[in-house]
Amino acid sequence: MQMDVSDTIVPYYWQSVNWQQLMDDYPPEPLYRQKNGRLGDEEIRALQNSRFLARVAEGWNVPFYVNRWRAVGLEPGDIRSLDDITKIPSFTSDDLKDAIAEHPPFGSHQPMTKEDFARTPWKIHTSGGTTGFPRMTLFDPRALEVQGIQAARAMWAQGSRPGDTVQITYTMGLTNAAYCATYACHHWLGAIPLNTGSGLITPSEKQLEYALKVGTRAWFGRGEYFARLADVAQEIGFDLRSLKTGRLHAFLGTDTNNVLRKALEDAWGCPVYDNYGTHEVGHIAYECEAQDGRHVAEDTAYVEVQDVETGKPLGFGETGNMVITSLYRTAPLMIRYDLRDLMKIYPRQQCSCGLCSTKLSSFLGRSDEMVKLRGTNVYPMACQPAVREDPRLTGEFICVAFTEGEGLSARTEMAVRVERRSPEIDKAAIVADLQARLHKDLSVKVKVEVFEKEELAPLIQIGSTGKTRRLLDLRTMK
Ligand SMILES: [Zn+2]
């Protein structure tokens, strides 16, 4: 029997976005620096305010938000402007996990139904997944394209232009970093994406060969992978500077003292720019050529920092948890999402690059990776300077928290696992030197364990996005 398909409506992607409206609302470069990227304080506040209130109004139709907001006594109409935003409770990825457990597989914060699925072309991307099954997030065409615009603005501010080849070393899989970069180049910059993926997809030696043959102008990926490429180039006698790379669009992570950036700039012979983002809200902050803080894409996100313990709002320059309200995401909404990423916010300022915006510090670590050792709070990232500055080590590390002793004498201990560059290097000397240095840096004693090159990679890398884990907590693992 032949089925009648003449009534089927296909949600064609090209018809699913009002493209002119999208460009007006979230202008890509070079429009951005003529419009939203140069607004004064009051103008940007007004724009953010109207988008914020629209998202809050939508939140009153979403069970996840209605339940949380009513629990603190909020009623529709109580939130009148951005000035009231701290009355809204923030949520963390743990709350999203609960929402997913209650309403699998997507959660009560994503109330889309099977009928909705046929009306719009959706995509599913996942979080990196630190523990357990990765969180799945739905993306509608507008969310995908705004994330592409965000990344394209970053690449533009860092010097990439139409016709440049950008080699993308994130893998196209379940996570969305590679797609953001690809849409950025392909849809919003006129640059050519070269999707080589990570070293698992295209071995590092081949990555360098492609770059040489194609004439890669810029790379987009994880800072630590660019360091790995520099190591491989040295091992095989490949002159990295012969590539004449224009720039690295990098995610440097917690490179607070610029050790990684300097090493990369030296090896590659080009500027290295840092970026910050997360899969739900996109590429929200990026350095420009001034390399003086990360510009916030303020027409797409409202950023706050709150105290790790109390949740109280913090002022400019104070370190706390980054809380983001996405101004463009509607399905799902992201209203006061506490990422537990430790950062600082700096006031709006006119930058020498022409943009005017709030800026962010570098990523300072994860607040949920803190370990209490004999009464002292220890963040694994505080071990990084000691590890990165030691030339005998690869720079990779992971902290392992475990329990020593039993019953009343049980106490938490921490071992810092590092990798030596070659088996000839004296293990005992590394242990002695590093234990002394870490004691000084952390104000508490930790153990040091030495591994061989790349032995730690399976523990450190999360998924394929290149996000890194720095704490393995054996106390909470069964
Ligand atoms: Zn700037």
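In this report, we go over the structure that sits alongside the text. Remember, it's a predicted structure, so these values are computed and weren't measured experimentally. (Residues numbered from 1 in each chain as written. Predicted model: local features only at pLDDT ≥ 70, side-chain atom pairs only at ≥ 80, totals over all residues. Heavy atoms only, no water.)

1. Describing the nonpolar core
Taken as a class, soluble globular proteins show a tendency for nonpolar side chains to be buried jointly. Core analysis: the largest hydrophobic core is formed by 37 residues, its most contacted members being Tyr-276, Ile-284, Met-322, Ile-324 and Leu-360. When contributions to this core are tallied by element, the ones reaching two or more residues are helix 2 (41-59), helix 3 (63-71), helix 4 (93-102), strand 8 (282-286), strand 10 (301-306), strand 11 (320-326) and strand 12 (337-343). When residues no more than four places from it in sequence are discounted, the contact partners of Leu-360 are Tyr-276, Ile-284, Ala-285, Gly-293, Arg-294, Val-296, Val-303, Met-322, Met-343, Lys-344, Ile-345 and Tyr-346. Ranked by size, the runner-up nonpolar core spans 28 residues in total, among them Tyr-26, Phe-139, Ala-184 and Tyr-328. (Core = buried A, V, L, I, M, F, W, Y, C linked by side-chain atoms within 4.5 Å. Buried < 20%, exposed > 50% of the residue type's maximum accessible area, 1.4 Å probe, protein only. Helix = DSSP H or I, 4+ residues; strand = E, 2+ residues; numbered from the N terminus. Contact = heavy atoms within 4.5 Å.)

2. Focus: the pattern of salt bridges
Across all of its chains, the model carries 41 salt bridges by this definition. Of the charged contacts in the structure, one is a salt bridge between Arg-222 and Glu-396, with a shortest N-O distance of 3.9 Å. Of the two residues, Arg-222 is situated in strand 5 (residues 218-222) and Glu-396 in strand 17 (residues 393-404); the sequence distance between them amounts to 174 residues. The same class applies to Arg-222 and to Glu-396, which are both buried. (Salt bridge = Lys/Arg side-chain N within 4 Å of Asp/Glu carboxyl O.)

3. A few points about the packing of helix 6 (residues 141-157) against helix 7 (residues 177-188)
At a minimum axis distance of 7 Å, the contact between helix 6 and helix 7 shows a crossing angle of 80°. As judged from the angle between their axes, helix 6 and helix 7 are roughly perpendicular. Contacts between helix 6 and helix 7 involve Leu-144, Glu-145, Gln-147, Gly-148, Ile-149, Ala-151, Ala-152 and Met-155 from the former and Cys-180, Ala-181, Tyr-183, Ala-184, Cys-185, His-187 and Trp-188 from the latter. A per-class count over the contact of helix 6 with helix 7 returns 11 nonpolar, three polar and one charged. (Axes fitted to C-alpha atoms, helices over the stretch in contact; angles between N-to-C directions. Parallel < 35°, antiparallel > 145°, perpendicular 65-115°, else oblique. Nonpolar A, V, L, I, M, F, W, Y, C, P; charged D, E, K, R; others polar.)

4. Here's the deal with the coordination of the zinc ion
Looking at the zinc ion, the protein donor atoms are Cys-288 (SG), His-295 (NE2), Cys-351 (SG) and Cys-353 (SG), and they sit 2.1 to 2.3 Å from it. Counting along the primary sequence, the residues that act as donors to the zinc ion give the motif C-x6-H-x55-C-x1-C. Under the relative-accessibility criterion, Cys-353 is labelled partly exposed at 24%. (Donors = N, O, S within 2.8 Å, 3.2 Å for Na, K, Ca; no water.)

5. A closer look at the side chain of Ser-361
In this fold, Ser-361 is placed in the loop between strand 14 (356-360) and strand 15 (371-373). Only 2.9 Å separates the side chain of Ser-361 from the backbone nitrogen of Lys-344, close enough to count as a polar contact. Once residues within four sequence positions are removed from consideration, Ser-361 is found in contact with Arg-294, Met-343, Lys-344 and Tyr-346. (Polar contact = N/O pair within 3.5 Å; in protein donor to acceptor, adjacent residues only side chain to side chain.)

6. Side note on helix 8 (residues 204-214)
The α-helix advances 3.6 residues per turn, and as a result positions three or four apart in sequence lie on the same side. Every buried residue of helix 8 is listed here: Ser-204, Gln-207, Leu-208 and Ala-211. Axial view of helix 8: buried residues confined to an arc of 95°, hence all on one face. Contacts from the buried residues of helix 8 go to strand 3 (165-168), strand 5 and helix 9 (223-236). Looking at the residues trailing helix 8, positive phi occurs at Gly-215, about 80°. (Arc of directions from axis to C-beta.)

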